[in-house]
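# An overview of the molecular structure
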Amino acid sequence: MLRFCARRIAIGFVIVVLAIATIYVLVQAAPGDPIALMLGPRATPEMIAALEARLGLDQPLPVQVLKFLIGVFQGDLGVDIKTKRLVVDEVLEQLPYTLYLIFASLLLAAGLGIPLGCFSALHRNSLVDRLVGILSVSVIAVPPLIIAIYGMILFAVHLRWLPAIGLGDRGDLLDQIHHLILPAIAVGIGWVGYLARLVRAAMLEVLNEDYILNARAFGLPERWIIFRYALRIAVAPTITVLGIGVGYMLGSAVFAEIVFARPGIGKMMYDAVSVRNYPVTMGVVLASTILLVASTTLSDIINAMIDPRIREAQE
Amino acid sequence: MSDPAIHTQAGGPSAKSLIPEGLRHLLADPMGLFGLVLVLSLVFLSLFANVLAPYDPAKIDVPSKFLPPSWDHLLGTDELGRDMFSRALYGGRVALKVALISTLVALAIGTILGFLAAYGPKWLDNAIVLILDTVRAYPTIIFALAVGPMFGAGIWTVVGILIATSVPYYGRIVRTAALTVMQSEYIDAERAMGASGLRITCVHVLPNIIGPMLIIASMDIPVIITAEAGLSFLGVGIKPPETSWGLMLDQGYRFIGRTPWMVISAGIPVIIATLGFTFLGEALRDAFDPKIRRGR
């Protein structure tokens, strides 16, 4: 198990390094010249040369990539071109807001999706089961951006049940949670559908297993069989799905943060891109890549802990 | 979304006999039929946008700006008085074009890489898997925001980004599927009879994989449509004067304080497209995958 963990973490590390280096090269090698874009059309050649020297862009590309990676390992992501602050500080300042949002969405997905899937499986082909089935597919299909905008128009502007924009009062936890509801629904509702379907299918499969029949034959209470045996197995695949889901949620968070005017790395990325503040964009790419790779690696490890067959297959 | 397992089965019913049977199942499934109707009307409306659009999508008519939906303007008008319905029809062309091209090209590249990984030497397999996993490490939208502006907004930037982010997905599935087929007994038998690797690939492995892959690709279309709308909304996708649903959403969102109708109208075609393709894809999978059908 230790060997498996070490291997997964090492691969994850290599992937993050490669991903960052690739993005750096892509951004530098792309036809649009970031320096010219940053300084605008009135830049003199001297200004361009000065900024290039300051950012280390006058050196050959492999040297730049290496310097950038060494900087990353030392916690140095460069300086924000607009605010002149350290990018590391800014990213670490904004990251928690995005993490709250993703955590709330995960909670919504698991808290609603698992019981719905379980209920559907136990009442197979009932009206509720069919309804949950259709709704699940629908919420998976509709883009989070649309859910965010429609949700805001309906619940914040029209019905005035929920606040439209912002984080809520600092220090007032309830108000902050209140502000988190709509964005979390926008990011997480599709995953409610995913989990409901996943748990339903897994549950139906498990309930047909011999050992469940056996438990029934022994006269164990149905409630005990479902919650102690079946659900435990049926919930396992949701861990993988949520591990991958974090990556998609990071993308959806960009839209939720823009629509609901919330701080976070998605909003930060959007603002940085529109003014070509590329040290900041590199910082956000790094943070989100680490987050995605860490969550998939973690879900792999948890799965391997639950199911030794996965562990053996990869060793 | 984890890699869905592909059902690759030897000696099962041949593809030919499956098609009418699968079609029957598709038409018998109300949600599938609903999806099919939505998709067909969407394709029809977009394809004949130049004939069907009641107004010129670029015609500015300032006095009738910000109109809510009515019989004259089914989806209302925008801030310049342009007819939103006509614009949505032309936006559909862009959405379908992007979806079709990105999906097919990504599928082709993914299939080639998947096969190379499955049949190539161990180092090539490792290298391809590492590259695919590296590209998968970026959240699509973040990747697009980082790279998109450098290549300039436009339809080909969107297509390029969507191909780059979809290839790893297909590549991984094809690799796994090819490895599974290669391990089956009938391939062993084929090899024992002296068939070449190329023959095995083209005659046995590819036909076994291509059907399920097309179904997976069809289920990926709503994801691509969503991404295109999202990228255009963020300003790294389609640029005016071209029309796109994401662009309309962006405009509508800007004027949300003035009228909610613009952004609501702009969302409708996206909802129809994503729901239609999702329902259709689900039904296709159920109808043509005998393993799932038997389980019902």
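Residues numbered from 1 in each chain as written. Chains lettered and ligands numbered in written order. Predicted model: local features only at pLDDT ≥ 70, side-chain atom pairs only at ≥ 80, totals over all residues.

## Here's the deal with the interface of chain A and chain B
- In this complex, chain A contributes 43 residues to the contact, which on the side of chain B involves 38 residues.
- Elements with a contribution of two residues or more to the side of chain A that touches chain B: α1 (2–29), α6 (127–141), α7 (144–158), α10 (222–259), α11 (265–274) and α12 (278–306) of chain A.
- For the side of chain A that touches chain B, the per-class residue count stands at 33 nonpolar, 10 polar and no charged. (Contact = placed C-beta atoms within 7 Å. Helix = DSSP H or I, 4+ residues; strand = E, 2+ residues; numbered from the N terminus. Nonpolar A, V, L, I, M, F, W, Y, C, P; charged D, E, K, R; others polar.)

## Quick look at the packing of α10 of chain A against α12 of chain A
All names here are of chain A.
- It is the contact of α10 with α12, at a shortest axis distance of 9 Å, that shows an interaxial angle of 180°. Classified by the interaxial angle, the pair formed by α10 and α12 is roughly antiparallel. Contacts between α10 and α12 pair A236, I239, T240, L242, G243, I244, V246, G247 and L250 from the former with S288, L291, L292, S295, T296, L298, S299, I302, N303 and I306 from the latter.
- Residue classes in the contact of α10 with α12 are distributed as 11 nonpolar, eight polar and no charged. (Axes fitted to C-alpha atoms, helices over the stretch in contact; angles between N-to-C directions. Parallel < 35°, antiparallel > 145°, perpendicular 65-115°, else oblique.)

## Thoughts on helix α7 (residues 155–182) of chain B
All names here are of chain B.
- The end-to-end C-alpha distance of α7 is 39 Å, a good match for the 40 Å that 28 residues give at a rise of 1.5 Å each.
- Remark: the principal bend of α7, roughly 30°, maps to S166, with a proline, P168, within the next four residues.
- Extensive coverage of α7 is indicated by the burial of 20 of its 28 residues. (Expected span 1.5 Å × (residues − 1). Bend = angle between axes of the 7 residues up to and from the residue. Buried ≥ 20, exposed ≤ 12 C-beta atoms within 10 Å, placed from the backbone.)

## Here we look at helix α11 (residues 261–288) of chain B
- When the terminal C-alpha atoms of α11 of chain B are compared, their 40 Å separation across 28 residues agrees well with the 40 Å that a helix rising 1.5 Å per residue should span.
- Most of α11 of chain B sits inside the fold, with 23 of its 28 residues counted as buried.

## Section: the packing of helix α4 (residues 84–119) of chain B against helix α9 (residues 197–233) of chain B
Residue and element names in this part refer to chain B.
- In contact at an axis separation of 8 Å, α4 and α9 are set at 145° when each is read in the N-to-C sense. When you trace α4 past α9, the crossing you get is right-handed. Together, A95, V98, A99, S102, T103, L107, T111, F115 and Y119 of α4 and G197, T201, M213, A217, D220, I221, I224, I225 and E228 of α9 make up the contact between the two elements. (Left-handed = near helix turned anticlockwise from the far one by under 90°.)

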